[in-house]
Amino acid sequence: MDKLIIHGGKRLKGEVAISGAKNAALPIMAASLLSSGYSTISRVPDLRDIMTMGRLFANLGAGFHYEDSKAVINTEKIKVYEAPYDLVRKMRASILVLGPLLSRYGRAKVSLPGGCAIGARPINFHLNGLEKMGADIKLESGYVIAKAKRLRGASLYFDIPTVTGTENLMMAASLAKGITLLENAAREPEVTDLANALISMGAKIKGAGESVIEIEGVDELKPADYTIIPDRIEAGTFMTIAGITGGDIILKGCRQKHLDASIMKLKEAGLSFENVPDGLRVTGPGRPAASDIKTQPYPGFPTDMQAQFMSLMCIADGTSIIKETIFENRFMHVAELKRMGADITVEGGVSTVRGISKLKGAPLMATDLRASASLIVAALAAKGETVIHRIYHLDRGYENMEGKLSKIGADVKRAKEDQ
Ligand code: EPZ
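Bear in mind that the values here come from a model prediction, so they are computed numbers and not experimental data.

How each quantity is defined
- Sequence order as written defines the numbering, with residues in each chain counted from 1.
- Given that the model is predicted, a residue must reach a pLDDT of at least 70 before its local features are reported, and side-chain atom pairs must reach 80 or more before they are shown or counted; all residues, however, enter totals for whole chains, interfaces and linings.
- Hydrogens and waters are ignored; side-chain quantities use all the structure's heavy atoms.
- Strand pairing is assigned whenever DSSP detects at least two bridges linking the two strands.
- Counting from the N terminus, the helices are DSSP H or I runs at least four residues long and the strands are E runs at least two residues long.
- Between N-to-C directions, angles cover 0 to 180 degrees, with each direction set by a line fitted to C-alpha atoms, over the stretch in contact for helices.
- The contact definition used throughout considers only heavy atoms, calling two residues in contact when any of these lie within 4.5 Å.
- The nearness test applies per residue and asks whether one of its heavy atoms lies within 4 Å of the molecule or strand.
- A 3.5 Å cut-off defines polar contacts: any pair of N or O atoms within that distance qualifies, except that in protein one atom must be a possible hydrogen donor and the other a possible acceptor, and neighbouring residues in sequence count only when both atoms are side-chain atoms.
- Throughout, the Shrake-Rupley method with a 1.4 Å probe supplies accessible areas, and for residues the shown protein chains are the sole cover considered.
- For classification purposes, an angle smaller than 35 degrees is called roughly parallel, one larger than 145 roughly antiparallel, one from 65 to 115 roughly perpendicular, and anything else oblique.
- Left-handed describes a crossing whose near helix is turned anticlockwise from the far helix through less than a right angle; right-handed describes the clockwise counterpart.
- By the convention adopted, Pro, Cys, Tyr, Trp, Phe, Met, Ile, Leu, Val and Ala count as nonpolar, Lys, Arg, Asp and Glu as charged, and the other residues, Gly among them, as polar.

S.K.: I'm lost on the sheet that holds strand β17 (residues 279-283) in this one. Help?
M.R.: Picture the strands of a sheet paired through backbone hydrogen bonds; they go either parallel or antiparallel. Here four strands make up an open sheet; going across it, the order is β2-β15-β17-β16 and the pairing mixed. Both outer strands of the open sheet, β2 (13-17) and β16 (272-276), are each paired with one neighbouring strand and no more. Mean inter-strand twist for the sheet, computed between neighbouring axes without regard to direction, equals 20°. Relative to strand β15 (residues 248-252), β2 is paired through five bridges, and the arrangement is parallel. Within β15, the position partnered with Gly14 by the bridge is Ile249. Contacts between helix α8 (residues 232-245) and the sheet are confined to β2, β15, β16 and β17, with β15 contributing the most and set at about 170° to the helix.

Following this line, the structure appears as structure tokens:
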């Protein structure tokens, strides 16, 4: 178990290379299961979650090799159609193999993901959709056991625009017989990236990125050879770091259009943005202004940016109201921020943040991926030393965070817990 030791208070300046998007890499790797042969996926970030997915592939009998941000997956020898509990409990996104395995092999046994720190995370939309497409779905001792001769196209509607639900069913529909409509589909850029990867494999998909996606099933897909999009949440996280340290950071590879809502809110908080060749330059104000946010499905303000934005608001000149509408328990960073002197009260899904002039370093505990990022954001501006424990949460979704931070002048070190 590692910890991060950060001495805050420095204005961070310089260039950060934005890595590939974790939440695009995971579904696109799963999509390779729809084909037979060697798939090559580029700009894949070096993350724990990617390695967990690699172990899952090995468990299926697929070959998995990762080097220089490239994942090569060989699906010729798949002979097991099971995602076991010990892997799924480490990474909920393992559920993304359900649709592809069922659609290509007619069977799948995937452990129910169970809840996680931020919420119950049910998968009813995934399972209802597969049933409507003709799958026989049973739940037995914590596993989803799915069978289908051949899935058939159906018109599906999501009560909530679920990201991985849209992705699972888009993949399943790609090899189904007939046309599938996904209504009230998720519009996240990672969903569109998956659709583009599937289209490059021979899938027939229209409307990705909109609320209605049409998929016309085909009989076979060829292996993927695809480069994924940059990680908009990593880019957004570094924007809040520029904001809270009064810094001046160039985000290489950042796709501004994927972050419209976040940039709008960060501009309200006093940050300024400038397009530069192959990136975006972000400069922070002397002190951020307070700004209210409400998390929404894309293109609204992303729930994955809520914790980082809250850290920025802790030192804002004014009071900020932060509403979390996507997950029921995504304020676990609040207790840790309060240990640094932040003035925050939580009522149901609403946090009220009264800005103070300076946070103080403290020993902190990371609880989930984006909470751990928010503690780093706060620590970089805090007076004195902050030690963040259990940063395995961070390693799930941020590639070489301390290396990127050191490069722009941060005083950050990784150490073993017993050091
Ligand atoms: C994806 O999770 C992301 N993960 C999450 O990122 C992200 O926070 C989330 O989308 C929302 O944007 C990946 O892409 C791997 P949902 P997902 O299904 O698909 C409810 C991170 O930090 N729901 O869009 O699991 C659900 O409870 C992670 O990188 C059902 O009720 O989220 C939630 O309230 C954290 N039934 C809402 O919908 C279902 O069958 C949105 O969930 C599915 C979802």
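S.K.: Could you clarify how one ought to interpret the site of the ligand in this entry?
M.R.: Lining the immediate surroundings of the ligand are 22 residues, of which Asn124, Thr162, Thr164, Asp304 and Ile326 lie closest. A distance of 2.6 Å is found between an oxygen atom of the ligand and a side-chain nitrogen or oxygen belonging to Asp304. Coverage of the ligand by the protein amounts to 89% of the 820 Å² it exposes when considered alone. At the level of elements, α1 (22-31), α5 (124-132), α6 (163-174) and α12 (369-381) are the ones that each hand at least two residues to the shell around the ligand. When residues in the shell around the ligand are grouped by element, the largest group, three residues, is from α5.

S.K.: Any chance you could explain unusual backbone geometry here in plain terms?
M.R.: For residues other than glycine, phi is negative in most cases, and the peptide bonds are mostly trans. Cis geometry marks the peptide bond from Tyr298 to Pro299; its omega dihedral reads 10°. Residue placement: Pro299 occurs in the loop between β18 (293-294) and α10 (306-313). Not every positive phi belongs to a glycine, and Arg43 is a case in point at roughly 60°. Here Arg43 shows up in the loop between β3 (38-42) and α2 (48-60). Non-glycine residue Asn184 carries a positive phi angle of around 60°. The residue Asn184 is located in the loop between β11 (179-183) and α7 (189-200) in this model.

S.K.: Whenever I open this one, the packing of α6 against α7 confuses me. Can you help?
M.R.: In helix packing, the relevant descriptors are the interaxial angle and the interaxial distance, both defined with respect to the helix axes. Where α6 contacts α7, the two axes come as close as 10 Å, and the packing angle between them is 15°. The orientation of α6 with respect to α7, classified from their angle, is roughly parallel. As α6 packs across α7, the resulting crossing turns out to be right-handed. On α7, the residues that touch Val163, Thr166, Glu167, Met170, Met171 and Ser174 of α6 are Glu190, Val191, Leu194, Ala195 and Leu198. Across the contact of α6 with α7, the residue classes tally to seven nonpolar, two polar and two charged.

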